[in-house]
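# Structural features, examined
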Amino acid sequence: MKRRLIAAIGIAGMVVSIAACGSDNKDDGGSGNGADAKELTVWLTVDAQNNWPELVKAADAAVQKKHPGIKIKHEYYGWPDKNTKLDAVLATDKAPDVVEMGNTEMLGYMVKGAFAPVDPAQYDNSSAWLDGLKASVTYEGKTYGVPYYAGGRVANWRKDVAASVGVKTPPKTYAELTSALDKIQKKEGDKFNAWYQPTRDWYAAMSFVYDAGGSIAKEDGGQWKANLSSPESVKGLKDFKNVVDTYMHGDKTKDESDRYIVYGQGKSAMIFAPAWEGATAADPKNDKTGKLKDNLENFVMPGPSGKNLPVFLGGSDLAVPVKSKAQAVAAEWINAFTGPEGQKGLMDKGNLPNNKTDLATLKNDPATAVPATAAESNWFVPMAPGWGQVEKAQVLQTMLQNIGTGKKTVEAAAKEADAEIDKVINTK
């Protein structure tokens, strides 16, 4: 799933207004105010407008059946534009009643009090929400949103290159993976990337950290502390460095933004990336080899720990702004949209569901088994009040570049990153 998840910024100016307002009726069946609302405004991204408009209509119909005559208005935004518009209206009387958020965008808004708490018990399958998505809507023990759908990362390699060294099936263990890559690297030479793994790709690097039992930060007694220099995290960073040192022979100062293009140029046998990247590389306009169509294979990335490598779980959530005048009906619409029928429709469109129950059904289908299995083991960013103020991409990418280029030892680079994170991670 290709999407641009941008940080939640520029909302500090609305805090006083929101905090002073709050919810007008907090005793309305436990679901917020506006049970008899006559209008509902729903903001979604263009993903819904372009790819599953029938699911939006079905949710509308369910709400209108219960509330005859209610008017439901939809507005659709691109990812780069949505938050600018949202920030401008959240402190006014024109706030939407439902808004789609990238799951990495939720934290800053929850910290500032922009969204109304929701009762998970009102939503189907809430007890089985995927861990990474559940974390994204939870702050200080309260729930402020509902997971919508998800996307994860998988390994993808060229079957022809693997077969050229006698490997005909995808690896099940990390030892099998590195054995195959060693053979490929030896055969293809030092100008080829057996595994094209951009050094500054912090999503991939942190997967190795979590696989080793480490983390970006840990909470203790209500306070968060950076954890990249812990022995476990350092081991994960060293595992990642070994991949970059051994199989990545490209520019070690690059991020992952053009990985699919490099892959399409035939300069690599494998990538670890969001599931859409392999298919995009094989698109005729990107495939410069003419060999990628029907020749790429996804598989679940094994980790050095002996388990599947934990993956960052990206996705979308739905939230109800605290200034909504239709919070109860908004909750009903969200449940209709993200409930069993909605999840089935989203899965039919190639998305991962928001819950483990539906995810299990995808594991039984060979067409979806790989991304579904990979998503079972997942991690998410620290839900610390100041995480949104951390220049996370810059801090983590700088650490990884220093490690990958050998400018600093793993231990020194990790301590430096910890110091930068600790400056603001507990700041509200």
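Residues numbered from 1 in each chain as written. Predicted model: local features only at pLDDT ≥ 70, side-chain atom pairs only at ≥ 80, totals over all residues. Heavy atoms only, no water.

### Regarding the packing of aromatic side chains
Which entries qualify depends on this criterion: When two rings of Phe, Tyr or Trp (its six-membered ring) have centres within 6.5 Å they constitute a pair, described as stacked for plane angles under 30 degrees, edge-to-face for angles over 60, and tilted for the intermediate range. Secondary structure elements are taken from DSSP: a helix is a run of H or I of four residues or more, a strand is a run of E of two residues or more, and numbering for both begins at the N terminus. In this scheme, a residue with accessible area under 20% of its type's maximum is buried, one over 50% is exposed, and one in between is partly exposed, where area comes from a 1.4 Å probe on protein chains only. Comment: the charge-over-ring label is applied if NZ (Lys) or CZ (Arg) is within 6 Å of the ring centre and within 35 degrees of the ring normal.
Overall, the coordinates contain 16 aromatic pairs when judged by the stated rule. Between the aromatic rings of Trp195 and Phe208, the centroid separation amounts to 6.4 Å while the plane-to-plane angle is 35°, which identifies the pairing as tilted. On the criterion of sequence distance, the pair formed by Trp195 in the loop between helix H8 (174-188) and helix H9 (202-211) and Phe208 in helix H9 is long-range, its members being 13 residues apart. Like Phe208, Trp195 is buried. Ring-pair connections join several aromatic residues into one group, and the members of that group are Trp202, Tyr203, Tyr210, Phe312, Trp379 and Phe380. Positioned over the ring face of Tyr203 is Arg153, at 4.7 Å from the centre of the ring.

### Digging into the nonpolar core
The test is simple: Only buried Ala, Val, Leu, Ile, Met, Phe, Trp, Tyr and Cys residues count toward a nonpolar core, and they belong to the same one when joined by side-chain atoms within 4.5 Å.
In terms of nonpolar packing, the biggest core is built from 118 residues, with Phe115, Trp195, Met206, Trp333, Phe337 and Met399 touching the most fellow members. Broken down by element, the residue count for this core peaks at seven residues, all from H9. One finds Leu130, Met347, Leu359 and Ala372 within the second-largest nonpolar core, a separate group that totals ten residues.

### A word on the sheet that holds strand S6 (residues 146-151)
Test applied: Only strands that DSSP links by at least two bridges are regarded as paired with each other. Angles shown run from 0 to 180 degrees and are taken between the N-to-C directions of axes, each axis being a line fitted to C-alpha atoms and, for helices, limited to the stretch in contact.
With mixed pairing, the five strands of this open sheet are ordered in space as S2-S1-S3-S13-S6. In this open sheet, the two edge strands, each paired with only one partner strand, are strand S2 (71-77) and S6. Strand-to-strand, the axes of this sheet are offset by a mean angle of 20°, without reference to chain direction. Sheet analysis places S6 next to strand S13 (residues 314-319), joined by five bridges and oriented antiparallel.

### Considerations on the confidence of the model for the protein
Note the threshold: Values of pLDDT, the confidence the predictor places in each residue, fall between 0 and 100. We call two residues contacting when some pair of their heavy atoms lies within 4.5 Å.
Looking at the protein as a whole, its pLDDT mean stands at 91, while 92% of the residues score no less than 70. Considering only residues more than four positions removed or in separate chains, one finds that residues 1-32, a stretch of pLDDT under 50, has 68 contacts.

### Regarding helix H18 (residues 410-422)
Note the following rule: Helices are assigned an expected span. That span is 1.5 Å times one less than the residue count. Here, the arc refers to the directions that run from the helix axis to the C-beta atoms.
With 13 residues, H18 extends 18 Å from end C-alpha to end C-alpha; this agrees with the ideal 18 Å at 1.5 Å per step. Within the span of H18, buried status applies to Val410, Ala413, Ala414, Ala417, Asp418 and Ile421. One face of H18 carries all of its buried residues, which in axial projection span an arc of 140°.

### Some words on the packing of helix H10 (residues 231-247) against helix H17 (residues 392-404)
Stated precisely, the cut-off is as follows: Note on angle classes: values under 35 degrees are labelled roughly parallel, values over 145 roughly antiparallel, values of 65 to 115 roughly perpendicular, and the remainder oblique. Left-handed describes a crossing whose near helix is turned anticlockwise from the far helix by less than a right angle; the clockwise case is right-handed. Residues are grouped as follows: nonpolar covers Ala, Val, Leu, Ile, Met, Phe, Trp, Tyr, Cys and Pro; charged covers Asp, Glu, Lys and Arg; every other residue, Gly included, is treated as polar.
With their axes 10 Å apart at the nearest point, H10 and H17 run at an angle of 60° to one another. Accordingly, the angle class assigned to the pair H10 and H17 is oblique. The handedness of the crossing between H10 and H17 is right-handed. For the pair H10 and H17, contact is made by Leu237, Phe240, Lys241 and Asp245 and by Met399, Leu400, Ile403 and Gly404, respectively. Of the residues in the contact of H10 with H17, the class split is five nonpolar, one polar and two charged.

### With respect to the side chain of Asn355
Where we set the bar: Think of a polar contact as two N or O atoms within 3.5 Å of one another; within protein, one of them needs to be a possible hydrogen donor and the other a possible acceptor, and neighboring residues in sequence only count if both atoms come from side chains.
Relative to the helices and strands, Asn355 resides in the loop between helix H14 (340-348) and helix H15 (356-363). Looking at Asn355, the relative accessible area reads 0%, which means it is buried. One polar contact links the side chain of Asn355 to the main-chain amide nitrogen of Asp358, over a distance of 2.8 Å. Beyond its immediate sequence surroundings of up to four residues, Asn355 is in contact with Asn125, Ala128, Trp129, Leu130 and Gln343.

### Section: the environment of Lys85
By secondary structure assignment, the location of Lys85 is in helix H4 (residues 79-89). In sequence terms Lys85 and Ser257 are 172 residues apart; their C-alpha atoms lie 26 Å from each other. Apart from residues no more than four positions distant in its own chain, Lys85 is found in contact with Trp43 and Tyr77.

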